[in-house]
Amino acid sequence: MKFFVDSADIDAIAELNDLGMVDGVTTNPSLILKSGRDILEVTKEICELVSGPVSAEVVALDADAMIAEGRKLAEIAENIAVKLPLTWDGLKACKVLSGEGKMVNVTLCFSANQALLAAKAGATFISPFIGRLDDINIDGIDLIEDIRTIYDNYGFETNILAASIRTVAHVQDCARIGADVMTAPPEVIKKLASHPLTNAGLDQFMKDWAKTGQKIL
Ligand code: G3P
């Protein structure tokens, strides 16, 4: 499973990228707001740092304007994936932009039928939002499982990009089901390394080592 970082924070992305943990980046208007940066400038910097796909989201609501914004975003760098909302206009824009050879990430997906439409419109990525479904007592992981089954039934090549990942359990479930990609905030990716037994074991080793009185260096 590929790891994308769901952030427009260049320092946080760089830290994970140095460890080889970053296969791509996803941004959205809320993350651009959080970064306090200009969308074109910060997206360009991210694209220079990371070689994998970098999703940049349009903000227009009608297809023609989405297409125009998508083309402008795609000019930033070769690794831009134009992010479009899963609306009828978004699907129209997806068809046109994917037909031009641009990577397209269709976002705000909350049902398997929506994912089916995105695949038929030529999306490179479909972004089902797990956490936001969990927020309303619908199991987001079930959605990933349904999309995996449907895409495999028909050989759709659209990549399942599990989004709105909030917990380390989400990451593990997505990997078990076979999501192609998961995108998570940097904090969640860093938490994957944590285990209380690792901490307890290390603590014991440090205590015992101190008692030996030895040094390695
Ligand atoms: O990739 C989409 C993601 O940013 C949404 O996450 O936590 O705002 O639902 P969240």
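Structure first, text after, so check above.
These remarks concern the structure in this document. (Residues numbered from 1 in each chain as written. Predicted model: local features only at pLDDT ≥ 70, side-chain atom pairs only at ≥ 80, totals over all residues. Heavy atoms only, no water.)

Moving on, we come to the overall build of the protein. When helices and strands are tallied, the protein shows 11 helices and eight strands. Projecting the C-alpha coordinates of the protein onto the three principal axes gives extents of approximately 70 × 40 × 30 Å. Long-range pairs, those at least 24 residues apart, make up 57% of the contacts in the protein between residues at least 6 apart in sequence. Carbon and sulfur atoms make up 54% of the accessible area of the protein, which amounts to about 11500 Å² in all. Computed over 20 positive and 31 negative side-chain charges, the separation of the two mean positions in the protein equals 2 Å. (Helix = DSSP H or I, 4+ residues; strand = E, 2+ residues; numbered from the N terminus. Contact = heavy atoms within 4.5 Å. Areas by Shrake-Rupley, 256 points an atom, 1.4 Å probe, with all protein chains shown as cover. Lys, Arg positive; Asp, Glu negative; His and termini not counted. Charge placed at Lys NZ, Arg CZ, Asp CG, Glu CD.)

Residues in contact with the ligand, as listed here, are D6, N28, F129, R132, A163, S164, R166 and T183. At 3.1 Å from an oxygen atom of the ligand is found a side-chain nitrogen or oxygen belonging to N28. Within the complex, 82% of the 310 Å² of free accessible area of the ligand lies under protein. (Near = heavy atom within 4 Å. Polar contact = N/O pair within 3.5 Å; in protein donor to acceptor, adjacent residues only side chain to side chain.)

The next thing to look at is the pattern of salt bridges. Tallied over the entire structure, the rule returns 12 salt bridges. Note that E45 is salt-bridged to R37, the shortest N-O span being 2.6 Å. The network of salt bridges with shared partners includes R71, E100 and K102. (Salt bridge = Lys/Arg side-chain N within 4 Å of Asp/Glu carboxyl O.)

A few words on a negative patch on the surface. On the surface, a cluster of negative charge is made up of D134, D139, D142, E145 and D146. The biggest single contributor to the negative patch is helix 8 (residues 140–154), with three residues. Note on placement: D139 falls in the loop between helix 7 (130–135) and helix 8. Residue classification places D139 among the partly exposed positions, given a relative accessible area of 40%. (Patch = residues over 30% accessible without salt bridge, like charges linked within 9 Å, V, L, I, M, F, W, Y side chains within 5 Å. Buried < 20%, exposed > 50% of the residue type's maximum accessible area, 1.4 Å probe, protein only.)

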